Amino acid sequence: MKTSIVLGLGYGDEGKGLSTAYLCKQSENPLVIRFSGGHQAGHTVVDTQGRRHVFSNFGAGSLDDVPTYWSRFCTFNPLAYWKELQALKDLQVKPILYIDALAMVTTPFDIAYNQKTEQVNQHGSCGVGFGATLTRNQTPNLLYVQDLLYPQVLQQKLGTIRDYYAKKSASTEWLTALEEQVALFCQLVDELRPELKVVREQTFFSQNSYDHYLFEGSQGILLDMDHGFFPNVTYANTTSKNAFAILQNNASLRNSAPEIYYVTRAYQTRHGNGFLSNEHLGIDYQPNPIETNQYNPWQGQQRVSPLDINLLNYALDCDLNYSHHAYRRHLIITCMDQLKGALQATVDGRLKKFSNTLILQSELSLRFSTLLESHSDDGAGMVLRKRILAA
């Protein structure tokens, strides 16, 4: 049995979907485990048939029929799930999704409140209710996936959630305007209820066996709620913290020694407001014409700048708080094909050019077992630069 954890070293958009799909192809019977974030993720995968899909509610191995386990640490939006399910069916894909009974449910109230407050706060939210859902679930106004199985329970809890937002708001007109959306939400849940594969974590992992448990991270460590730059952070642990909680909570996984794959683009990106170093420096690159993160009213345009070695080391150090130093670690650098020249990065604020990514490795605080580069949108462009003996 093999276990892998895929993490982003930046602010998201590093290529975790591509990396996860690539690693899925190395195994006969893998399972993708989503262990942070939720339906706000946008993990782009292009398969060998040229099918392109941005995964939010399913694991990035789904184009290859790899099942997904949706953990209790993730949010679940029935409407977003249904829309993506239809899009995958159009691609002749029948995804398999096992949803933890204690996964948190996003409602129309959460989405509307998120968008309402983001217009004022401009924290860089993507406006799909993720943070609002997590905040609400820190109060008694909880809604879990298992509650969707009971119509009477769902109706009662939606009423308390409405009351919760009424107390948080100076005006309730926006809540009244949501009545039709909430009715449609309930109708959709009624239709989906027979198809939802709701499971409980310990039972699921004790009764099912896979040869590769592949933990697919969300966003990046620099957005982590404990280690990012407040207030422009996500309401989630984007380090390996949650992955190790799942491993330790299940006897069949507890003794595994995970390999950790850290992913970064060949340049920095950030979608939304907040600190991004090196923005004053130019970067000579050719943007992907079908870049996933386009302009939206909540985050604006995607921002780019040269890599910052100090911040890469900071992100690596943050994750060392949760993962044993003896685990094998790997570095994946994506979007190499978009650079017009050598990779550029700052070291202590000074811009340097790296004609070979192996030289970049010498500036990082960890020594990696392997360094891989991606030179295309699909895994076929993944190149093993060199096997490096970890220190």
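As the structure is a prediction and not an experimental result, all values here were calculated from the model. (Residues numbered from 1 in each chain as written. Predicted model: local features only at pLDDT ≥ 70, side-chain atom pairs only at ≥ 80, totals over all residues. Heavy atoms only, no water.)

(A) How the structure looks around the sheet that holds strand E17 (residues 350–354). With respect to topology, three strands assemble into an open sheet ordered E14-E16-E17, the strand pairing being mixed. This sheet does not close on itself; its edge strands, each paired only once, are strand E14 (307–308) and E17. (Pairing = 2+ DSSP bridges. Helix = DSSP H or I, 4+ residues; strand = E, 2+ residues; numbered from the N terminus.)

(B) Inspection of the packing of helix H5 (residues 151–168) against helix H7 (residues 179–192) at higher detail. Here H5 crosses H7 at 155 degrees, and the two axes come no closer than 11 Å. Taken together, H5 and H7 sit at an angle that is classed as roughly antiparallel. Considering the relative orientation of H5 and H7, their crossing is right-handed. Of the residues in H7, those touching H5 at Leu154, Gln155 and Leu158 are Val182, Phe185, Cys186 and Val189. (Axes fitted to C-alpha atoms, helices over the stretch in contact; angles between N-to-C directions. Parallel < 35°, antiparallel > 145°, perpendicular 65-115°, else oblique. Left-handed = near helix turned anticlockwise from the far one by under 90°. Contact = heavy atoms within 4.5 Å.)

(C) Structural view of unusual backbone geometry. Look at the link from phenylalanine 230 to proline 231: it is a cis peptide, with omega at 5 degrees. Tracing the chain through its elements places proline 231 in the loop between strand E10 (212–216) and helix H9 (241–249). Of note in this structure, glutamine 92 is not a glycine but carries a positive phi near 65 degrees. Mapped onto the fold, glutamine 92 is located in the loop between helix H2 (78–90) and strand E7 (97–100). In this model, asparagine 278 sits at a positive phi of 70 degrees, which is unusual for a non-glycine residue. A residue is classified by how much of its surface remains accessible, and asparagine 278, at 8% relative accessible area, is buried. (Buried < 20%, exposed > 50% of the residue type's maximum accessible area, 1.4 Å probe, protein only.)

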